[in-house]
Amino acid sequence: MVLTDLSRLNDELVASRGDVAGPLRIIAPFGFGRIHIAPIIGKFAQEYPEITPDLVLSDDPYGAAASDNWDIIIHIGQLADSTLVQRKLASNKRFLCASPDYLRAHGEPAHPDELHKHACGVIREDQADVTMWGFTDPEGSRHSIRIRPAFTSNDGEVVKAWACQGLGIVMRSEWNVAAELRDGRLRQALKKFALPDADIVMLLSPKTLRTERIKRLVERLVEGVPQKI
């Protein structure tokens, strides 16, 4: 407790001087953190060598919000707690995807109810109910379906790779499958039915958000994360 209080006092002293120095603890999802966040932090550390970055990649970054050992959390999707200080980084849609080989072999679903006939894969993350998939049809009516996963992993890249191999249908973020949709390794399914958006946001710790290092890093993240993947 004493060490924590001393650390906070040091943070306040650094902030009062306007120094870009001190520790930075960022928590982010595995794939997005590795591909988009890590390079930005690396450049930031080169620009400000007196900071000490600590990037934690997790399948449940939002779960860390209950602790006080973080400065920025990168979260994808809806938030259970809207009182947290947050800033949107980028818009992000969700798609159902499968390989062309799988869809040729098993047929394309025309309605969410038909997913019961298909092999579906899910990612276990954020303590979310990943087996309940919700859709909105062109008329605005909502449809929910409980799937029984044919394959699962806590790593989105694994689930995406299995989908590319033809194991079944997966729900993935636009940022994660844009390249595979462009080159034809994956094809979007149920295009007429919209899934809930999963915007990419930063959660900011109220204890450190006013420090100079956090303000500068937020600026770099806003500049560096692409608005269109």
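Coordinates for the structure precede this section.
Residues numbered from 1 in each chain as written. Predicted model: local features only at pLDDT ≥ 70, side-chain atom pairs only at ≥ 80, totals over all residues. Heavy atoms only, no water.

When helices and strands are tallied, the chain shows 6 helices and 12 strands. For the chain, the proportion of its 229 residues judged to be buried stands at 44%. Expressed as a percentage of contacts within the chain between residues at least 6 apart in sequence, the contacts between residues at least 24 apart total 76%. Summed over its atoms, the accessible surface of the chain is roughly 12,100 Å², and 50% of this surface lies on carbon and sulfur atoms. (Helix = DSSP H or I, 4+ residues; strand = E, 2+ residues; numbered from the N terminus. Buried < 20%, exposed > 50% of the residue type's maximum accessible area, 1.4 Å probe, protein only. Contact = heavy atoms within 4.5 Å. Areas by Shrake-Rupley, 256 points an atom, 1.4 Å probe, with all protein chains shown as cover.)

So, about the environment of glutamate 50. Mapped onto the secondary structure, glutamate 50 falls in the loop between α2 (30-47) and β2 (51-58). The class of glutamate 50 is exposed, set by a relative accessible area of 61%. Glutamate 50 sits 31 residues away from aspartate 19 along the chain, and the two C-alpha atoms are 9.0 Å apart. If we skip the residues at most four places from it in the chain, glutamate 50 touches Val20, Ala21 and Gly22.

Attention now moves to the packing of aromatic side chains. This structure, assessed with the given rule, holds 3 aromatic pairs. Ring plane angle 80 degrees and centroid distance 5.1 Å describe the contact between phenylalanine 32 and tryptophan 175, whose orientation is recorded as edge-to-face. With phenylalanine 32 in helix α2 and tryptophan 175 in helix α5 (residues 174-183), this pair connects stretches of sequence that are 143 residues apart. A residue is classified by how much of its surface remains accessible, and phenylalanine 32, at 0% relative accessible area, is buried. Here tryptophan 175 falls in the buried class, since its relative accessible area comes to 9%. (Phe/Tyr/Trp six-rings, centres within 6.5 Å; stacked < 30°, edge-to-face > 60°.)

Where α2 meets helix α6 (residues 212-224), the closest approach of the two axes is 10 Å, and the angle between their N-to-C directions is 135 degrees. Looking at the two axes, α2 sits oblique to α6. With respect to the hand of their crossing, α2 and α6 are arranged in right-handed fashion. Residues Ile37, Ile40, Phe44 and Glu47 of α2 touch α6, and the partners they reach there are Arg213, Arg216, Leu217, Arg220, Leu221 and Gly224. For the contact of α2 with α6, a count of residues per class yields 5 nonpolar, 1 polar and 4 charged. (Axes fitted to C-alpha atoms, helices over the stretch in contact; angles between N-to-C directions. Parallel < 35°, antiparallel > 145°, perpendicular 65-115°, else oblique. Left-handed = near helix turned anticlockwise from the far one by under 90°. Nonpolar A, V, L, I, M, F, W, Y, C, P; charged D, E, K, R; others polar.)

Right, let's get into the sheet that holds strand β10 (residues 169-173). The sheet built from 5 strands is open, its strands ordered β9-β6-β10-β5-β11 with mixed pairing. The open sheet has two edge strands, β9 (151-153) and β11 (187-189), and neither has a second partner. Ignoring which end each strand starts from, the neighbouring axes of this sheet average 40 degrees apart. Packing of helix α4 (residues 156-165) onto the sheet brings it into contact with β6 (120-123), β9 and β10, and relative to β9 it is tilted by some 150 degrees. (Pairing = 2+ DSSP bridges.)

The next subject is the pattern of salt bridges. Here the structure, examined in full by the defined rule, presents 14 salt bridges. In this structure, arginine 146 and aspartate 129 form a salt bridge, with 2.6 Å as the shortest nitrogen-oxygen distance. One end of the pair, arginine 146, is in strand β8 (residues 142-146); the other, aspartate 129, is in the loop between β6 and β7 (132-136), and 17 residues separate them in sequence. Residue arginine 146 is classed as partly exposed on the basis of its relative accessible area, which comes to 40%. Assessed through its relative accessible area of 45%, aspartate 129 is described here as partly exposed. The closest approach of N and O atoms between arginine 220 and glutamate 219, which form a salt bridge, is 3.6 Å. Salt bridges sharing partners connect three or more residues here, namely Glu157, Lys160, Glu180, Asp183 and Arg185. (Salt bridge = Lys/Arg side-chain N within 4 Å of Asp/Glu carboxyl O.)

Before going further, it helps to spend a moment on α6. The first and last C-alpha atoms of α6 sit 18 Å apart over 13 residues, in line with the 18 Å expected at 1.5 Å per residue. Glu212, Arg213, Ile214, Leu217, Val218, Arg220 and Leu221 are the residues of α6 that are buried. (Expected span 1.5 Å × (residues − 1).)

As a rule of thumb, non-glycine residues mostly have phi less than zero, and peptide bonds are mostly trans rather than cis. At leucine 190, a residue that is not glycine, the phi angle is positive and equals roughly 50 degrees. Tracing the backbone through its elements, the reader meets leucine 190 in the loop between β11 and β12 (200-204). With a relative accessible area of 7%, leucine 190 lands in the buried category.

Of all hydrophobic cores here, the largest spans 26 residues; its most connected members are Ile37, Ile72 and Ile74. Every element with two or more residues in this core is listed here: β1 (22-29), α2, β3 (72-76), β4 (85-90), β12 and α6. Ranked by residue count, the leading element in this core is α2, at 5 residues. (Core = buried A, V, L, I, M, F, W, Y, C linked by side-chain atoms within 4.5 Å.)

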